[in-house]
Amino acid sequence: MAVETVAVLVALTLAVVAVWHMAFSSRSWMLYYDTETVLPAMIWGSGTVQHWALSAVLFLPEMALYGLIALMGMSVKATLTAFAVADFFFAYLALRMTAGLVAKVSRPMRVFGALLAFTAIVVFAFLDDSPRWDTFELVSLLSTATYYGATVIALIATIGIAAALTAQALSRGCQIRLACGLTAVAFISTASNPLYLGWVCIPLVATLLVLAWSRLLRFRTTASISCILAASAAAGLVARLPFAGLITKSASAYAVPGRALSTAIYYVRMLTERASSLSGFASLVIMFILIISSVILSRHFIRQKSSAAALVATMGWVSPLITMCGAVALGAVGTRYLQPLFYAPAVTLVLVPVLVRASWPAARSRPRLWRVRKPAVMMSLAMVVVLCCGLFGVALFRKSADIDSSIRCVDGWISAQNRVGAGRYWTIRGPKAYLANQSLLIQVDDHFNAYPWLVDRTDFNTRYVSFVIHDTTHPAPRLPRAVGPTHTSVVRCGRYTIEDFRTAVLPVGSAISTPVP
């Protein structure tokens with residue numbers, strides 16, 4: 001138990017360090033102020049009557065976790081910080097569960113495997129340093145509530161549970177518990193995010209078929225796990241029906257097979273862009289090494305007739321392969337859809353203790369390293385870890401009290417005026433999330449029409465606004481024809497510019513099409 005306690009403290013420290021890096025680098029804009037990142041803050045800070053326009057992803061687990069943290073009464077930025085740390089920590093817990101289910105070694109060695117895999121994830125996050133979300137800096141997206149963090153954790157958990165189910169010496173009770181766990185994870189994940197089908201379900205069935213073709217799994221085992229996945233995913237899709245009124249753009253609308261070639265070119269361009277920096281090149285090299293290692297380990301464990309380990313290792317290369325090919329074939333433009341390229345092979349690292357045990361006979365008799373049980377030693381180690389966690393944690397949460405000066409300026413001016421204004425989706429999301437009264441900013445498109453995308457539709461009950469906001473990276477929307485720009489006064493707030501008409505003379509048009517940001 002002492003080993004587990006210290007490991008939890010180490011994992012928590014690593015999670016804090018990962019988020020600390022993001023908060024003190026250019027990545028902080030993506031974490032705290034970006035268009036989609038602030039969605040949970042907007043939902044939590046909206047009025048009592050809400051009618052949301054959401055994407056095909058409902059973010060059910062993420063919103064539940066954010067709501068629980070928000071109950072603590074912290075500021076928006078502090079809540080986002082706490083959520084980021086919690087998300088990374090839950091990834092460790094999923095890895096620890098997977099190591100416990102798959103790696104047939106001593107407890108300290110399983111802990112070591114989980115920490116090794118989690119350290120790889122943190123290293124990937126540490127190599128991400130740009131303010132953009134649309135790059136191959138994918139692992140740091142785990143810190144947000146809107147870039148499929150729950151689906152990533154479900155990917156890790158599903159691999160572990162499915163691998164455990166392949167073992168032949170399971171008791172009936174253990175089989176039932178694992179089957180129930182797999183059912184729950186698949187059902188909740190599919191209901192929240194259909195991307196789980198492409199990231200996990202299809203690759204896992206393909207992996208099972210590979211192992212069956214290698215005569216490592218019986219047909220009955222392959223069929224039973226596949227049926228559990230299929231039934232749970234189908235039930236999850238049915239469970240989405242009550243939320244149909246909230247979904248502005250269905251999952252099928254994201255697939256445009258006709259643009260497969262342009263999508264492939266897009267991904268090549270994004271990979272090239274990522275490799276153009278030292279940190280990006282290192283990240284991609286580590287990713288490819290892990291994928292190649294997964295291929296080698298897959299072959300090794302198949303030869304060793306170790307079904308659970310073989311499934312984990314095989315998923316380490318099958319999931320990235322199917323995810324990449326599927327994204328290109330469907331014309332799904334967006335690097336965020338390719339997160340399994342980093343996570344699936346990283347999970348394979350939980351198997352390292354198994355390799356150590358096999359290649360180092362002395363490890364079988366529990367080496368002296370794992371016999372350290374003196375309370376004083378464990379207490380000292382725990383105190384060092386807690387001290388490091390505290391130092392980074394204090395700096396991190398002090399940073400959470402410092403709101404971006406441009407957003408603070410905009411929100412201060414709007415609150416003082418207490419009038420309703422408008423701006424484009426790409427511009428106003430950050431300021432809107434930190435406003436005490438979010439309804440004072442309305443989201444419009446290029447032509448000053450309502451833009452119902454990831455926003456509370458009740459905002460559009462206001463039909464006229466008195467000011468417009470734009471920023472240094474996105475131009476202002478076109479003003480209605482009857483209003484001339486000579487009637488405005490201009491307020492400068494760092495990256496933002498406010499054109500003030502003083503009275504509500506700008507009509508907001510009705511939404512004219514399905515929004516596609």
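Residues numbered from 1 in each chain as written. Predicted model: local features only at pLDDT ≥ 70, side-chain atom pairs only at ≥ 80, totals over all residues. Heavy atoms only, no water.

## Description of the overall build of the protein chain
Okay, step 1: When you go through the protein chain residue by residue, the secondary structure sums to 18 helices and nine strands.
Okay, step 2: A compact globule built from 517 residues would reach a C-alpha radius of gyration of about 24 Å, and the protein chain, at 25 Å, matches this within 12%.
Okay, step 3: When its C-alpha atoms are laid out on the principal axes, the protein chain stretches across 80 × 55 × 45 Å.
Okay, step 4: Of all 517 residues assigned to the protein chain, the portion counted as buried reaches 54%.
Okay, step 5: Considering only residue pairs separated by 6 or more positions, the protein chain has 77% of its internal contacts joining residues 24 or more positions apart.
Okay, step 6: For the protein chain, the exposed area adds up to about 22100 Å²; of that, 67% sits on carbon and sulfur atoms. (Helix = DSSP H or I, 4+ residues; strand = E, 2+ residues; numbered from the N terminus. Rg over C-alpha atoms; globule rule 2.2 N^0.38 Å. Buried < 20%, exposed > 50% of the residue type's maximum accessible area, 1.4 Å probe, protein only. Contact = heavy atoms within 4.5 Å. Areas by Shrake-Rupley, 256 points an atom, 1.4 Å probe, with all protein chains shown as cover.)

## Some thoughts on the environment of Pro203
Okay, step 1: With respect to the helices and strands, Pro203 occurs in helix 9 (residues 195–213).
Okay, step 2: Between the C-alpha atom of Pro203 and that of Met324, which follows or precedes it by 121 residues, the distance is 11 Å.
Okay, step 3: Among all residues touching Pro203, those that are not within four sequence positions of it are Leu197, Gly198, Met315, Val318, Ser319 and Ile322.

## With respect to unusual backbone geometry
Okay, step 1: Of note in this structure, Tyr148 is not a glycine but carries a positive phi near 70°.
Okay, step 2: For Tyr148, a relative accessible area of 6% translates into the label buried.
Okay, step 3: Even without being a glycine, Lys305 presents a positive backbone phi close to 60°.
Okay, step 4: Note on placement: Lys305 falls in the loop between helix 12 (278–303) and helix 13 (307–330).

## As for the pattern of salt bridges
Opposite charge on two side chains allows them to pair when their charged atoms are near.
Okay, step 1: Scanning the entire structure with this criterion turns up 10 salt bridges.
Okay, step 2: With a closest N to O distance of 2.5 Å, Glu4 and Arg96 form a salt bridge. Here Glu4, found in helix 1 (residues 2–23), pairs with Arg96, found in helix 5 (residues 76–102); they are 92 residues apart in sequence, far enough to count as distant.
Okay, step 3: Overall, the relative accessible area of 13% leaves Arg96 in the buried class.
Okay, step 4: In the salt-bridge network here, residues are joined through shared partners; they are Arg27, Asp128, Glu137 and Arg274. (Salt bridge = Lys/Arg side-chain N within 4 Å of Asp/Glu carboxyl O.)

## What about the confidence of the model for the protein chain?
Low-confidence regions, as indicated by low pLDDT, have predicted coordinates that should not be scrutinised in detail.
Okay, step 1: Residue-level pLDDT values for the protein chain average 91, and 93% of them are 70 or greater.
Okay, step 2: The least confident element of the protein chain is helix 16 (residues 375–399), whose mean pLDDT is 75; the most confident is helix 14 (residues 340–347), at 98. (pLDDT = per-residue confidence, 0-100.)

## Examining the sheet that holds strand 8 (residues 496–500)
Okay, step 1: Ordered by their spatial adjacency, five strands build an open sheet running 3-2-6-8-7, and the pairing between neighbours is mixed. Every interior strand has two partners, whereas the edge strands, strand 3 (441–444) and strand 7 (489–493), have only one. Neighbouring strand axes in the sheet, compared pairwise and without regard to direction, differ in orientation by 25° on average.
Okay, step 2: The sheet contact formed by strand 7 and strand 8 spans five bridges and is antiparallel. Within strand 8, the residue paired with Arg492 across the bridge is Thr497. (Pairing = 2+ DSSP bridges. Axes fitted to C-alpha atoms, helices over the stretch in contact; angles between N-to-C directions.)

## Quick notes on the packing of aromatic side chains
Okay, step 1: Within the structure shown, the criterion is met by 16 aromatic pairs.
Okay, step 2: Residues Tyr92 and Phe118 carry aromatic rings whose centres are separated by 5.8 Å and whose planes lie at 65° to one another, so their mutual orientation is edge-to-face. Residue Tyr92 is found in helix 5, and its partner Phe118 is found in helix 6 (residues 107–126); the two are separated by 26 residues along the sequence.
Okay, step 3: By relative accessible area, Tyr92 is classed as buried at 1%.
Okay, step 4: The class for Phe118 is buried, based on a relative accessible area of 0%.
Okay, step 5: The structure contains a cluster of three or more aromatic residues connected by ring pairs, namely Trp29, Tyr32, Tyr33 and Tyr434.
Okay, step 6: Against the face of Tyr254 rests Lys249, its NZ or CZ located 4.3 Å from the ring centre.
Okay, step 7: The positively charged end of Arg495 is found above the aromatic ring belonging to Trp29, 4.1 Å away from the centroid. (Phe/Tyr/Trp six-rings, centres within 6.5 Å; stacked < 30°, edge-to-face > 60°. Lys NZ or Arg CZ within 6 Å of the ring centre and 35° of its normal.)

## Brief notes about helix 6
Okay, step 1: For helix 6, which comprises 20 residues, the first-to-last C-alpha distance of 28 Å matches the rise-based estimate of 28 Å (1.5 Å per residue) to within 8%.
Okay, step 2: In terms of residue burial, helix 6 counts as a mostly covered element, since 14 of its 20 residues are buried. (Expected span 1.5 Å × (residues − 1).)

## Quick word on the side chain of Ser189
Okay, step 1: As for its position among the elements, Ser189 is in helix 8 (residues 172–192).
Okay, step 2: A polar atom in the side chain of Ser189 sits 2.7 Å from the backbone oxygen of Val185.
Okay, step 3: Apart from residues lying up to four places away in sequence, Ser189 is in contact with Ala154 and Tyr196. (Polar contact = N/O pair within 3.5 Å; in protein donor to acceptor, adjacent residues only side chain to side chain.)

## Some remarks on the state of the cysteines
Okay, step 1: Within the structure shown, the criterion is met by one disulfide.
Okay, step 2: Paired by a disulfide, Cys409 and Cys493 hold their sulfur atoms 2.0 Å apart. Given an S-S torsion of about -60°, the disulfide between Cys409 and Cys493 has left-handed geometry. Linking Cys409 in helix 17 (residues 405–417) with Cys493 in strand 7, this pair joins segments that are 84 residues apart in sequence. (Disulfide = S-S within 2.5 Å.)

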